[in-house]
Amino acid sequence: MPYIRFILTHPRVLSFGILLTLFSSFGQTFLISIFVPRMLAEFPLSTGEFGLLYAVATLSSAASLPFFGRLMDRMELRRYTLMVGMGLVMACLTVSLAPNVPVLFLGILGLRLTGQGLLSLTASTTMARSFSGLRGRALSVSGLGYPLGEGLLPLLVVLLINLFGWRLSWGILGMVIGVVLLPLTVQLVKGVPGSREGSLDGDPAGSPEDDGERKGVNYRDVLRDGRFHALLPGSLCLPFLLTSLFLYQVPLATFKGWTVETMAAAFIGFASARMVVSLAVGPLIDRVGAVRLFPFYLIPVALGMGVLLMAAGSWGAFVFLALAGVSQGCASAILTAMWTEIYGRESIASVKSLVSMLGIFGTALSPVVVGWALQSGMGFSVLLPLFIGMSVLASAISFPACMRRIGGRGV
């Protein structure tokens, strides 16, 4: 089904997904980081101390994701989404009014949990449950909210801060969430089927061909499944790698002899490739299945890191980030679809929240490990080959499990 026809056929549920991924930006690092200089000027925090506070808030939100994510498998979607949205409003207001560092910590924790964590989880889980044969397209369309937020919101937030100051800006953002996200959620959720109803593209709920072999799995079932452990390294590898490479892009540019402006300009290629590939991979998932595609999605970023290592000219930055965007665009749709194919619609929120928790722990660990390595004298000439090896190894580990899945046998 062409995308235009698909969108016109299911406008409510797809708009619901885009809305949630767009508003998840309020809990993402790229947006919060804009406020950091103003926060440091007002609170008795050094840059390192704020980094520690932010890391602890991120890890705390990750640790609580399995509990809150599991609730989505048990609650009515409208009620759950409103609860998450109101939590995000409260987090914005808490940061806006924070009189001291402990209250600021609670506000940031709320932003990371409800914005980055639960809104993203709700969007991807809803798409996975609402569609079966067209699940890949649905995940690709709903994921457009991420690059939209990355492209539109930073400039608007900078304008708000310049006009009203950082505290009032958080209050305004909370009001926007309250008057836009919450009312639209109530209206759009009416077009979303329940988790136990048939999918919007006609397949019955619980279809064994498309929704995995297990129904109602719990965390114990997942953690005992050898297939889960075979696929987990590949799921966690990309965020670990990109977090460290993006965070340390200045020393990376220095290592290559490039300017910081060159690296910044190259991110346009990353965002563009991510958006285009995210849409392109959707129909492919629907045709061949996410499990079949999973072992290959890390290949572009591995090739990109090879170019980054070998290239002498600044063109290498653009090629690397474009190929990284290809892998990121694939991951946005493939990972959720894959877990749904394996474990079923009824348990996808629980499984996704568990994987998200582990992924966030990995992204919190990545800057520490790579920062220590750089400080110890292990430069990018050593780190990049290690990263390439990690990508290849993670793909190789997952390959037998995915091939056995194709043949209809469990791991």
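Residues numbered from 1 in each chain as written. Predicted model: local features only at pLDDT ≥ 70, side-chain atom pairs only at ≥ 80, totals over all residues. Heavy atoms only, no water.

(A) View of the overall build of the protein. In terms of regular secondary structure, the protein is built from 18 helices and zero strands. Computed over C-alpha atoms, the radius of gyration of the protein comes to 21 Å, within 12% of the 22 Å expected from 2.2 N^0.38 for 411 residues, which places it in the range of a compact globule. Judged by the C-alpha coordinates and their principal axes, the protein covers about 55 × 50 × 40 Å. Here the protein holds 411 residues, and 54% of them are scored as buried. When contacts within the protein are restricted to residue pairs at least 6 apart in sequence, long-range pairs at least 24 apart make up 85% of them. (Helix = DSSP H or I, 4+ residues; strand = E, 2+ residues; numbered from the N terminus. Rg over C-alpha atoms; globule rule 2.2 N^0.38 Å. Buried < 20%, exposed > 50% of the residue type's maximum accessible area, 1.4 Å probe, protein only. Contact = heavy atoms within 4.5 Å.)

(B) A look at the pattern of salt bridges. The final tally for this structure, using the stated rule, is three salt bridges. For E42, the salt bridge identified is with R167, shortest N-O distance 2.7 Å. Remark: R167 occurs in helix α9 (residues 166-188) and E42 occurs in helix α3 (residues 29-42); sequence separation between them is 125 residues. Judged by relative accessible area, which is 41%, E42 ranks as partly exposed. The class for R167 is partly exposed, based on a relative accessible area of 22%. (Salt bridge = Lys/Arg side-chain N within 4 Å of Asp/Glu carboxyl O.)

(C) Expanded view of the environment of V84. Relative to the elements of secondary structure, V84 occurs in helix α5 (residues 77-97). What makes V84 buried here is its relative accessible area of 2%. Between the C-alpha atom of V84 and that of L182, which follows or precedes it by 98 residues, the distance is 9.6 Å. With residues near it in sequence (within four places) discarded, V84 still touches T114, L118 and L119.

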